[in-house]
Amino acid sequence: LDADMKTCKVIHVVSCHAEGEVGDVIVGGVLPPPGETLWEQRTFLEKDETLRNFVLNEPRGGVFRHVNLLVPPKNPNAAMGFLIMEPADTPPMSGSNSICVSTVLLDTGMIAMQEPKTEFTLEAPGGLVSISAFCEGGKAKRISVTNVPSFVDKLDAKLVVDGIGELTVDTAYGGDSFVLVDAKQVGVEIVPENAKSIADLGVKITKAANEQLGFCHPENENWDHISFCQFTGELQRHDTKLVGKNAVAIRPGKIDRSPTGTGCSARMAVLFAKGLMTTEDEYEAHSIINSTFQCKIESTVTIGSENSTKEAILPTITGRAWITGTHQYTLDPSDPWPEGYRLSDTWPMETK
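Residues numbered from 1 in each chain as written. Predicted model: local features only at pLDDT ≥ 70, side-chain atom pairs only at ≥ 80, totals over all residues. Heavy atoms only, no water.

Colleague: Please give an account of the overall build of the protein chain that cites residues and values.
Modeller: Along the protein chain, the regular secondary structure elements total five helices and 19 strands. On C-alpha atoms alone, the protein chain measures out to a radius of gyration of 20 Å, which is about the 20 Å that the 2.2 N^0.38 rule sets for 352 residues. Structurally, the protein chain occupies a C-alpha span of about 65 × 55 × 45 Å along its principal axes. Relative to its full complement of 352 residues, the protein chain shows a buried share of 53%. Considering only intrachain contacts with a sequence separation of at least 6, the fraction spanning at least 24 residues in the protein chain is 64%. For the protein chain, the accessible area works out to roughly 15,300 Å², and carbon and sulfur atoms hold 48% of it. (Helix = DSSP H or I, 4+ residues; strand = E, 2+ residues; numbered from the N terminus. Rg over C-alpha atoms; globule rule 2.2 N^0.38 Å. Buried < 20%, exposed > 50% of the residue type's maximum accessible area, 1.4 Å probe, protein only. Contact = heavy atoms within 4.5 Å. Areas by Shrake-Rupley, 256 points an atom, 1.4 Å probe, with all protein chains shown as cover.)

Here is the structure:
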């Protein structure tokens, strides 16, 4: 920083994207939020909003941006903890963000790299995730994330959406909660030029799903809503390999540029429950920009309490991430917009 520059805040960020989806990482300048658990720390960020607004709002951010805060883990088995800040949610887990965090930790030397493979555990608010990083020449080339247990909530549920009519949908959890709808059912093609209309439609379907279907995690009653709508493209099978496209609409109205790790986990849970995918199969997921995640079901587990259990899968998501820059974000004490601002021309809002 220039010695003459006046600032009352300096936040150090490494910018990164995983298969197109921005997942920047705060590496300095922010103390861990209060809380005995990462979930409590996540909840503080969500309710306080000061940090979320500072890094996500204009002039420093935008609706396209996700930002992760590194924190000391609470679980002794984890090498690092991270809290995820998305435009409208502070979620339990994120596949693309965990790939970004892992890449930043390795490529900046915060975690020692072992070639050809480095293994460690990250702690997200939703639980522990295992990382296998495939490294070459001092660079993390590919990251495999073994996600939290993922499961179906409802299959073939009926959902009435204003302006569309009745849809048949599935709801599932893959580290975050989804309503899944066949893209053909609503007549959308998953291509970049349709991103705005897909995003708007997805937000509408998500709202209807929360009103009519609802969701509550069997082991975390505080996660009691559906976050995203996933439009699923047609699946093609080549022996034991499934290939398909998807588009996930993220509130308040954007499309995930990556294939969405939690969304792939939720989709595999649905496919497994319907007998369309086994632990012997692989799933190659393509995003709206044709980036890819390689996905598989490692095993099955049972979650919940003695009185209410659910069968779940343990999914693995593999993808790539790239560091795009390093930044020092500052706040001049005379700035009249210390938490930034949002305008509906770039940040979708409900009209009043």
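Colleague: Please give an account of the environment of Thr 279 that cites residues and values.
Modeller: Among the structural elements, Thr 279 can be located in the loop between helix H5 (261-273) and strand S16 (282-286). Distance from Thr 279 to Lys 296, taken between C-alpha atoms, is 7.0 Å for residues 17 residues apart in sequence.

Colleague: Tell me about the nonpolar core, and please be specific about residues and values.
Modeller: Membership of the largest hydrophobic core comes to 82 residues, with the highest contact counts inside it found for Leu 122, Ile 205 and Phe 231. Those residues in contact with Ile 205 that lie beyond four places of it in its chain are Leu 159, Val 161, Ile 164, Leu 167, Val 179, Val 181, Cys 229 and Phe 231. By size, the runner-up hydrophobic cluster in this structure holds 18 residues, among which are Ile 11, Val 67, Met 85 and Tyr 329. (Core = buried A, V, L, I, M, F, W, Y, C linked by side-chain atoms within 4.5 Å.)

Colleague: Tell me about the pairing of strand S14 (residues 241-250), and please be specific about residues and values.
Modeller: Side chains on a regular strand alternate between the two faces of the sheet. Burial of S14 is extensive: eight of the ten residues sit out of reach of the surface. Alignment of strand S12 (residues 228-232) against S14, held across four bridges, turns out to be antiparallel. Paired with Gln 230 across the bridge in S14 is Val 248. Taken together, the three bridges between strand S13 (residues 236-238) and S14 define a ladder with antiparallel strand orientation. (Pairing = 2+ DSSP bridges.)

Colleague: Report on the packing of aromatic side chains, specifying residues and quantitative values.
Modeller: Enumeration over the complete set of coordinates arrives at six aromatic pairs. Judged by centre distance (6.2 Å) and plane angle (15 degrees), the ring pair of Phe 151 and Phe 215 falls under stacked. One end of the pair, Phe 151, is in strand S9 (residues 151-161); the other, Phe 215, is in the loop between helix H4 (195-212) and S12, with 64 residues separating them in the sequence. With respect to class, Phe 151 is no different from Phe 215; both count as buried. Aromatic pair Tyr 173 and Phe 215: ring centres 6.0 Å apart, planes at 5 degrees, arrangement stacked. Of this pair, Tyr 173 sits in strand S10 (residues 165-173) while Phe 215 is found in the loop between H4 and S12, placing the two residues 42 residues apart along the sequence. Judged by its relative accessible area of 4%, Tyr 173 is buried. Site record: aromatic cluster; members linked through ring pairs are Phe 151, Tyr 173 and Phe 215. Geometry around Phe 54 places Lys 9 over its ring, the cationic atom sitting 4.4 Å from the centre. (Phe/Tyr/Trp six-rings, centres within 6.5 Å; stacked < 30°, edge-to-face > 60°. Lys NZ or Arg CZ within 6 Å of the ring centre and 35° of its normal.)

Colleague: Account for H4, naming residues and giving values.
Modeller: Taking 1.5 Å of rise per residue, the 18 residues of H4 would be expected to cover 26 Å, and the 25 Å separating its terminal C-alpha atoms lies within 8% of that figure. Contacts from the buried residues of H4 go to S9, S10, strand S11 (177-182), S12, S14 and strand S15 (254-255). Following H4 by one or two positions, Gly 214 has its phi on the positive side, about 70 degrees. (Expected span 1.5 Å × (residues − 1).)

Colleague: Explain the pattern of salt bridges to me, and be specific about the residues and the numbers.
Modeller: Throughout the structure, instances matching the rule amount to 17 salt bridges. Between Asp 153 and Lys 154 there is a salt bridge; the shortest N-O distance is 3.3 Å. On the basis of relative accessible area, Lys 154 is assigned to the partly exposed category, the value being 29%. Salt bridges sharing partners connect three or more residues here, namely Asp 153, Lys 154 and Lys 310. (Salt bridge = Lys/Arg side-chain N within 4 Å of Asp/Glu carboxyl O.)

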